[in-house]
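Here's the letter readout for the chains.
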Amino acid sequence: MFIESFEQIKKDFDFTEKDENRIKELKPIMEKYKDEFVNRLYKFIFKLPNATKYLNNEEVVNRHREKLKEWYSDLFSGRYDEKYFEKLYKIGEKHDKLGIPTHYINATFNFIRRFFIEKINQEFGYSRERNLYVESLGKLLDINLDILTKSYIEEEITKYAGLSKLERKLLKVSNRFANFLDLILLMALIMMSFFVIGLFIYDIYEVLTGAVSIEEGIVKTLGSLLILWAVAELMGEEIKHLQGGNFPITAFISVALAAIIRKILIVSLSPKDSKTLLSYGAILLALGIVYYLITKKSKKEGIFEH
Ligand code: HEM
């Protein structure tokens with residue numbers, strides 16, 4: 001539901017009848033760029049990392065392209081009444097329900113603004129007229145963005161407002177605690193990486209002092225490097241998680257893979273340990289299958305060749 005009336009929203013953005021008339025003047029000029037708009041917008045949207053998670057098959061894409069054309073026509077219709085605002089709100093609600101990040105909507109609007117400025121510049125050159133068109137269309141685009149992202153904000157507010165005082169407090173405390181645990185994890189990983197660097201230096205020391213053969217020394221050093229790489233990966237993912245991203249389970253599997261590969265490298269040096277080598281091989285195969293299945297599933301959900 002709207003908090004402000006659509007007339008008030010127009011007033012807040014200083015969007016007057018003059019602006020409406022200017023946009024109506026733009027309508028016949030912009031009509032010829034509709035197809036180019038949708039094609040270029042789609043190129044832009046598909047560069048967003050997870051766009052294919054939402055626009056995940058040809059049918060949805062085609063429907064969306066048609067809807068974008070409709071939105072484009074409405075934008076230049078010159079009729080910005082209650083019906084227009086309600087339609088925008090519903091579009092916002094749909095994106096919100098699909099879980100499309102507001103960041104994507106904001107970024108896409110930035111592209112849309114640049115597209116329109118490019119076309120107005122092409123048509124009117126650098127003139128006073130051009131400035132007035134850019135100004136009026138800019139206001140309308142900002143109103144669009146405001147309404148499209150309104151339902152996102154309202155949903156957050158209603159979710160939060162629906163909680164009791166105690167629940168809100170509990171939510172805050174548990175959030176802080178979860179962040180604290182994440183920080184401890186990160187610190188533990190930093191400590192861990194120092195140990196692995198120590199192990200790496202020790203491996204080199206053993207080769208230099210002749211405590212182990214060169215062949216064994218090189219294999220052990222490579223194994224430590226592998227573990228160091230896995231710890232760095234884990235740290236990178238944990239940092240992303242602290243910044244609000246998801247933690248991929250595959251990060252843990254890569255660490256386990258690195259550890260097993262290191263073991264295999266070491267055991268492979270002694271021909272007597274063939275049974276141990278076989279069991280490590282079986283673990284490696286199992287981990288590899290799990291890793292493959294998880295990445296295949298996330299690819300299916302996230303990547304759609306267009
Ligand atoms: C910011 C400019 C955008 C505009 C103007 C726009 C416009 C629309 C419109 C008009 C609809 C139909 C809503 C309805 O059925 O009620 C829609 C649906 C949808 N939009 Fe967008 N969209 C935009 C950005 C995006 C982005 C960035 C994504 C994804 C990365 C996206 C994904 C979708 C999807 C998946 C649907 C549902 C399609 C279906 O199954 O019918 N949109 N959009």
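Everything below is about the structure printed above this text.
Here the structure is a predicted model, which means the values were calculated and not measured.

Draft legend 1. Seen up close, the site of the ligand. If you check the shell around the ligand, you find 19 residues, and the closest are Arg63, His64, Ile91, His95 and Ile100. Between histidine 95 and the ligand, the recorded distance is 2.8 Å, taken from a side-chain N or O atom to a nitrogen atom. For the shell around the ligand, the elements supplying multiple residues, two or more each, are α4 (51-54), α5 (58-75), α6 (82-98) and α7 (102-124). Take the shell around the ligand: its biggest share by element is six residues, from α5. Here the residues of the shell around the ligand are counted per class, giving 13 nonpolar, three polar and three charged.

Draft legend 2. Region of interest: the packing of α5 against α6. The N-to-C vectors of α5 and α6 enclose an angle of 150 degrees; their axes lie 12 Å apart at closest approach. Considering the angle they form, α5 stands roughly antiparallel to α6. The crossing of α5 and α6 is left-handed. Here His64, Glu70, Trp71, Asp74 and Leu75 of α5 come into contact with α6, specifically with Tyr84, Lys87, Leu88, Ile91 and His95. Along the lines of polarity and charge, the residues of the contact of α5 with α6 split into five nonpolar, two polar and three charged.

What counts, and where the lines are drawn
Residues numbered from 1 in each chain as written. Predicted model: local features only at pLDDT ≥ 70, side-chain atom pairs only at ≥ 80, totals over all residues. Heavy atoms only, no water. Near = heavy atom within 4 Å. Polar contact = N/O pair within 3.5 Å; in protein donor to acceptor, adjacent residues only side chain to side chain. Helix = DSSP H or I, 4+ residues; strand = E, 2+ residues; numbered from the N terminus. Nonpolar A, V, L, I, M, F, W, Y, C, P; charged D, E, K, R; others polar. Axes fitted to C-alpha atoms, helices over the stretch in contact; angles between N-to-C directions. Parallel < 35°, antiparallel > 145°, perpendicular 65-115°, else oblique. Left-handed = near helix turned anticlockwise from the far one by under 90°. Contact = heavy atoms within 4.5 Å.

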